[in-house]
Amino acid sequence: MSYEPPPAVDAIDPARLRRARNAVFVAFAANGWGFASWASRLPDIQLALRLDPAQLGTLLLSAAAGSVISLPAAGRVISRLGTRRTVEVAATIFVVGMAFAAFSVTVLHNPYLTAVGMLCLGLGMGSWDVAMNHEGAAVERLLGRSIMPWFHAAFSGATVVGALVGAVATGLGVPVLVHILVMLLVVGYVAVAGAKPFLPEAAAVESEPGTPAPRGASAWLEPRTLLIGLVVLVSAFTEGTANDWIAIALRDGYRLPAWAGVLGFATFLGAMTLGRMLGTRMLDRHGRVPVLYATFGMAVAGSLLVVFGGPLLAYVGTMLWGVGASLGFPVGMSAASDDPARAAARLSVVATIGYLAFLAGPPLVGYLGNQVGVLRALLAVGALLVPALLAVPATRERR
C-alpha cells in the first residue's frame, strides 16, 4: 500500500484546516484535563496508600515508565495507524489505566495494582502526546505561523480547570474514585469524538520535493535532534516537578491545608497557560532562542522564590515558574518538526528523551524530599535549568 502524493499547501480547504486546528485544541485539552484530574488528587492518593515522599515518587515512576515504553514506537504507530486513529486508541488505554488505578487506590488500597494502572495510563499518554503534537505541527506548518504554544495552552488551560475541580473535590471530600470516573467519561468521549476532523494523512506529511523518506532509527544519530531532546527533557522536568510536587511542597513545607496546596498547583497551571497564549506572538517577533533564554530564567527565579519566599511569595513564585516552564516543550516539538517528512521520527525521539524527565524526576525529588524535605528538593529545578541553556540554540528556526 502506498500513499497518494501529498496535496499542495494551498490545496487544503481553509475551512478544513480550521476544523483540524480546532480538533488539535480538543485533543490537547482532553489530555490536560485527564492528567490534571489525577495529579490534583495526589495528596489524597498519598494519604490513602500511606506513602512517604520517596514511595510516592516511585509510584509516579510507573506512569513515566509506561510513557517511555510507548514513545520510541510512537512514530511507527502513527505511520501505520495515522494520527487520528493513534489518538483514539491511546486515549482509550489512558482512560482504562487511570480508572483501574483509581479503583486500586480507593477500593483495594493496593499500591502495586495502582502502579499497574498508572503504567497503562502512561502507555496511553505517551502515544497520545506524540500523535497530537504531530498533528499540531502539521497544522502549524500549513497555517504558516507559530501556533504550537496555543495548542499547549489548551492543555494547560484544561489542567487549570482539572486542578480547580480537584481542589473543590478535595475540599468537599469527594472520593477519588467517584471524581476520576466522572471525569474519565467526559475525557474519553471528547478525545475520541474530537479527533475526527484531523487532517488527511497525506497533508500531515507534506514536504519539499526531493526530501528523503523518514527513517526512525537515523533520528537518534542526529546531534540537533538530541540537543532539542535535551531542551525538552529539562523543560519536562521543570513542568513535571511542579505538576507532581508543588501541592505537596506547599502543604508540607509551609504547613498549609491541602486545598491551599492544590490552589498553588492551579496557580502554576494558570500562569503556564497565560505564558503559552502570549508566547506565540513573542516567538514570531523575537524567535525561539531569545524567548527560551528569557523563560528559562524566569523558571529559575520562580522556583527559588517558591522555596525561599515564604507562604505568600511562594504563590508569586509559582506564577513565575509557570510562565518560565510554558514554552520549552511546545518549542521543542515545533523544532523537531521543522522537516515535515521526518517529523514523526524526530518527534518520537525528542518526546522519548523528554519523558525521561518524568521517569527520573518523581523519584529524584521524592528521594531528595526524604532527606531535606519536599520544598527544598525543588531546588533541583534551578540546578538542571542552568546547563540546559547551552542546548537552547539547537531550537533555532530552519526556514
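These notes cover the structure that comes with them. Bear in mind the structure is a predicted one, so any value in this text is a computation, not a measurement. (Residues numbered from 1 in each chain as written. Predicted model: local features only at pLDDT ≥ 70, side-chain atom pairs only at ≥ 80, totals over all residues. Heavy atoms only, no water.)

### Here's the deal with the packing of aromatic side chains
Evaluation of the coordinates by the stated rule reveals five aromatic pairs. Judged by centre distance (6.4 Å) and plane angle (25 degrees), the ring pair of Phe 35 and Phe 155 falls under stacked. Here Phe 35 is found in helix α1 (residues 14-40), whereas its partner Phe 155 is found in helix α6 (residues 148-172), with 120 residues between them in sequence. Summarising the burial analysis for this pair, Phe 35 and Phe 155 share the class buried. Of the aromatic side chains, those joined through ring pairs into one cluster are Phe 25, Phe 28 and Phe 151. (Phe/Tyr/Trp six-rings, centres within 6.5 Å; stacked < 30°, edge-to-face > 60°. Helix = DSSP H or I, 4+ residues; strand = E, 2+ residues; numbered from the N terminus. Buried < 20%, exposed > 50% of the residue type's maximum accessible area, 1.4 Å probe, protein only.)

### Re a nonpolar patch on the surface
A cluster of nonpolar side chains, Phe 100, Phe 103, Val 107, Leu 108, Leu 113 and Val 116, forms an exposed patch at the surface whose accessible area comes to about 450 Å². Elements represented by at least two residues in the nonpolar patch include exactly α4 (83-108) and α5 (111-143). Top contributing element to the nonpolar patch by residue count: α4, with four residues. Residue Val 107 is classed as partly exposed on the basis of its relative accessible area of 43%. (Patch = residues over 30% accessible without salt bridge, like charges linked within 9 Å, V, L, I, M, F, W, Y side chains within 5 Å. Areas by Shrake-Rupley, 256 points an atom, 1.4 Å probe, with all protein chains shown as cover. Salt bridge = Lys/Arg side-chain N within 4 Å of Asp/Glu carboxyl O.)

### What about the nonpolar core?
In terms of nonpolar packing, the biggest core is built from 116 residues, with Trp 38, Trp 128, Trp 321 and Leu 378 touching the most fellow members. Of all the elements, helix α9 (residues 223-253) adds the most residues to this core, at 13 residues. Those residues in contact with Leu 378 that lie beyond four places of it in its chain are Thr 241, Trp 245, Ala 249, Val 306, Val 307, Trp 321 and Val 365. (Core = buried A, V, L, I, M, F, W, Y, C linked by side-chain atoms within 4.5 Å. Contact = heavy atoms within 4.5 Å.)

### Focus: the environment of Val 68
Here Val 68 lies in helix α3 (residues 53-81). Note on Val 68: relative accessible area 16%, which makes it buried. Filtering out sequence-adjacent residues up to four positions away, Val 68 remains in contact with Tyr 355, Leu 356 and Leu 359.

### Quick look at the packing of α3 against helix α14 (residues 343-372)
Orientation of α3 relative to α14, taken along the N-to-C sense of each, is 170 degrees, at an axis distance of 8 Å. Here α3 is positioned roughly antiparallel relative to α14, judged by the angle of their axes. When the residues that make up the contact of α3 with α14 are grouped by side-chain class, the tally is 20 nonpolar, eight polar and no charged. (Axes fitted to C-alpha atoms, helices over the stretch in contact; angles between N-to-C directions. Parallel < 35°, antiparallel > 145°, perpendicular 65-115°, else oblique. Nonpolar A, V, L, I, M, F, W, Y, C, P; charged D, E, K, R; others polar.)

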